[in-house]
Amino acid sequence: MGGFSLMHWLLFGGVAILVLGGGRFSAMMGDVAKGVKQFKKGLAEEDEAKPAQIDAKEAPAPKD
């Protein structure tokens, strides 16, 4: 079972552009690029807000 060759990918891309339309396809790729940029930006940013610390209380001693 071989993989797809370059010709298969070019044919698939051409059919996708014909079916979806050029403008719609480029808009979709632009949205994907924006999502990737936001993902990378989120990974790069350090969390400045530290989580609130919850004060622990001792559990009452069991009554026998």
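What you see is a predicted model, and the numbers here were worked out from it, not measured in a lab. (Residues numbered from 1 in each chain as written. Predicted model: local features only at pLDDT ≥ 70, side-chain atom pairs only at ≥ 80, totals over all residues. Heavy atoms only, no water.)

Caption draft 1: Structural context of the packing of aromatic side chains. A full pass over the atoms with the stated rule returns 2 aromatic pairs. An angle of 90 degrees between the planes, with centres 6.3 Å apart, marks the rings of W9 and F12 as edge-to-face. On the criterion of helical spacing, the pair formed by W9 and F12 is a turn pair, its members being 3 residues apart in helix α1 (residues 6-20). By relative accessible area, which is 56% here, F12 ends up exposed. By way of ring pairs, the aromatic residues F4, W9 and F12 are connected into one cluster. (Phe/Tyr/Trp six-rings, centres within 6.5 Å; stacked < 30°, edge-to-face > 60°. Helix = DSSP H or I, 4+ residues; strand = E, 2+ residues; numbered from the N terminus. Buried < 20%, exposed > 50% of the residue type's maximum accessible area, 1.4 Å probe, protein only.)

Caption draft 2: Representation of the packing of α1 against helix α2 (residues 22-44) within the structure. Axis separation between α1 and α2 bottoms out at 6 Å; the angle between their running directions is 110 degrees. Between α1 and α2, the angle falls in the class roughly perpendicular. Mapping the contact onto sequence places A16, I17 and L20 in α1 and G22, R24, F25 and M28 in α2. Across the contact of α1 with α2, the residue classes tally to 5 nonpolar, 1 polar and 1 charged. (Axes fitted to C-alpha atoms, helices over the stretch in contact; angles between N-to-C directions. Parallel < 35°, antiparallel > 145°, perpendicular 65-115°, else oblique. Contact = heavy atoms within 4.5 Å. Nonpolar A, V, L, I, M, F, W, Y, C, P; charged D, E, K, R; others polar.)

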